[in-house]
Amino acid sequence: MKTTKLILLSSMVSFGFICSYFMELTMQNAEQYLAITTLIFADGFFGVIAGIRREGFKTYKAIKILRTLLFWIVMLTLILVIEKSIPGAGWLSETILMPLVVFQLISVLKNASMAGFIKMEVLNQILDKIDKHKGIRK
């Protein structure tokens, strides 16, 4: 009986320590978590509206938003743990997450255009300014 209580108590203490570690990590980097979450939900919001207009509502495509969000939150957490534990790895979050941000922003613009929130001409102007080296669309 005492052994069971001791095992239970030590498990609860260990679990509490792990939860407090991740809570501190999350609160110190709340802006990054908020940015990732907002970006993925914005892309999903406009994507669902565009999909409804195109082919009707698809549940599995809406659930894909949550799967993508969960993946990138786990990735951000992993990157932040590595950055915190290895002093020279402070560049990891910028290197890995910036391509996500750029591609997601372009996806948000495209989905918003397909949903009717942005005119196609405005989207083309924005995309042309991103890729100036390719020339202007005709």
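In this text, all values refer to a predicted model and were calculated from it rather than measured experimentally. Within every chain, residues take consecutive numbers counted from 1 along the sequence as written. Reporting in this predicted model follows two pLDDT cut-offs: at least 70 for local features of residues, and 80 or more for side-chain atom pairs to be given and counted; totals over whole chains, interfaces and linings ignore these cut-offs and use all residues. Side-chain figures throughout are based on the complete set of non-hydrogen atoms in the structure, without hydrogens or water.

Caption draft 1: Up close: the packing of aromatic side chains. Put simply, two rings from Phe, Tyr or Trp (the six-membered ring, in Trp's case) pair if the centres are within 6.5 Å, and we call them stacked under 30 degrees between planes, edge-to-face over 60, tilted for the rest. Taken as a whole and assessed by the stated rule, the structure comprises four aromatic pairs. Ring geometry for Phe71 versus Trp72: centroids 5.2 Å apart, planes at 80°, classification edge-to-face. Taken together through their ring pairs, the aromatic side chains of Phe45, Phe46 and Phe117 make up a single cluster.

Caption draft 2: Representation of the pattern of salt bridges within the structure. For salt bridges, the criterion is a side-chain nitrogen of Lys or Arg within 4 Å of an Asp or Glu carboxyl oxygen. Tallied over the entire structure, the rule returns one salt bridge. Across the pair Glu24 and Lys84 runs a salt bridge whose closest N-O atoms are separated by 3.8 Å. Taken together, the positions of Glu24 in helix α1 (residues 2–28) and Lys84 in helix α3 (residues 59–85) put the pair 60 residues apart, joining distant regions of the chain. Partly exposed residues are those whose accessible area sits between 20% and 50% of the maximum for their type, while under 20% is buried and over 50% is exposed, using a 1.4 Å probe and protein chains only. Judged by relative accessible area, which is 40%, Glu24 ranks as partly exposed. For Lys84, a relative accessible area of 41% gives the class partly exposed. Per the convention used, a helix needs a DSSP run of H or I reaching at least four residues, while a strand needs a run of E reaching at least two, with both numbered from the N terminus.

Caption draft 3: Inspection of the layout of surface pockets at higher detail. Of the grid points, spaced at 1 Å and generated over the protein atoms alone, those admitting a 1.4 Å probe that cannot get out make up cavities, while open sets with protein on both sides within 12 Å along at least five of seven lines make up pockets; any residue with an atom within 4 Å of a point is treated as lining. Grid points are joined across faces, edges and corners, and a volume is the space filled by probe spheres set on the points. Taken as a whole, the largest pocket encloses approximately 440 Å³ of empty space. Residue lining of the largest pocket: 21 residues in total, with Gly44, Gly47, Lys61, Ile65 and Asn111 positioned closest to the centre. For the lining of the largest pocket, the secondary structure elements donating two or more residues are α2 (30–55), α3 and α4 (92–114). Tallying contributions element by element places α2 first for the lining of the largest pocket, with nine residues. Per-class residue counts for the lining of the largest pocket are seven nonpolar, eight polar and six charged. Three classes are used: nonpolar for Ala, Val, Leu, Ile, Met, Phe, Trp, Tyr, Cys and Pro, charged for Asp, Glu, Lys and Arg, and polar for all others, with Gly counted as polar.

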